[in-house]
Amino acid sequence: MTNSKFGQVIAVRKFANGDIELDFYHDDVVTEYRYSSDPSRLGNFPKELAETLASTLSTDICIEIFFGDDGTPTHVELEECDDEDEDDEEEFDEDFVPEES
């Protein structure tokens, strides 16, 4: 059974040795994911997926990361995030005048 996490990348650290660390915000929790080309380091993310996630920093792109049964990321889906603040503003009618009693 696969599971997934939906959220946004809030920080990226890219190192001279090619390692990439990502802070992923989901369900009010920040999880750090890492890609490393050094087999002695614990790298839990494929390079292609880590680079894709890194490219979404400072955008309105939300990500869903899918994991296989062994906990290894299998693929990601990207979509434009809904901005809750914009939705609230759209519901506010500037021309509305309350009735006086």
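Refer to the structure printed above.
Anyway, here's the lowdown on the structure attached to this text. As the structure is a computational prediction, the values presented were derived from the model and not from experiment.

**Digging into the nonpolar core**
Line of reasoning, step 1. Phe45, Leu53, Ile63 and Ile65 are the most contacted members of the largest nonpolar core, which totals 14 residues.
Line of reasoning, step 2. For this core, the secondary structure elements donating two or more residues are β2 (20-26), β3 (29-35), α1 (47-54) and β4 (61-67).
Line of reasoning, step 3. Sequence-distant contacts of Ile65, that is, excluding residues within four places in its chain, are made with Asn3, Ser4, Lys5, Phe24, Tyr33, Phe45, Leu53, Pro73, His75 and Val76.

**Observations regarding the sheet that holds strand β1 (residues 3-14)**
Line of reasoning, step 1. Taken in spatial order, the five strands of this open sheet run β3-β2-β1-β4-β5, and their pairing is antiparallel. A strand with exactly one partner marks an edge of an open sheet, and here the two such strands are β3 and β5 (73-80). Direction aside, neighbouring strands of the sheet carry axes that sit 40° apart on average.
Line of reasoning, step 2. Each of β1, β2, β3, β4 and β5 is contacted by α1, which is oriented at about 20° to β5, the strand it contacts most.

**Things to note about the pattern of salt bridges**
Line of reasoning, step 1. A full pass over the atoms with the stated rule returns five salt bridges.
Line of reasoning, step 2. Asp23 is the salt-bridge partner of Arg13, the closest N and O atoms lying 3.0 Å from each other. Residue Arg13 is found in strand β1, and its partner Asp23 is found in strand β2; the two are separated by ten residues along the sequence.
Line of reasoning, step 3. Judged by its relative accessible area of 26%, Arg13 falls in the partly exposed class.
Line of reasoning, step 4. For Glu32, the salt bridge is made with Arg13, and the minimal N-O distance between the two is 3.1 Å. With Glu32 in strand β3 and Arg13 in strand β1, the pair connects residues that are 19 residues apart, well separated along the chain.
Line of reasoning, step 5. Through salt bridges that share partners, Arg13, Asp19, Glu21, Asp23, Glu32 and Arg34 make up one connected network.

Basis of the calculations
Residues numbered from 1 in each chain as written. Predicted model: local features only at pLDDT ≥ 70, side-chain atom pairs only at ≥ 80, totals over all residues. Heavy atoms only, no water. Core = buried A, V, L, I, M, F, W, Y, C linked by side-chain atoms within 4.5 Å. Buried < 20%, exposed > 50% of the residue type's maximum accessible area, 1.4 Å probe, protein only. Helix = DSSP H or I, 4+ residues; strand = E, 2+ residues; numbered from the N terminus. Contact = heavy atoms within 4.5 Å. Pairing = 2+ DSSP bridges. Axes fitted to C-alpha atoms, helices over the stretch in contact; angles between N-to-C directions. Salt bridge = Lys/Arg side-chain N within 4 Å of Asp/Glu carboxyl O.

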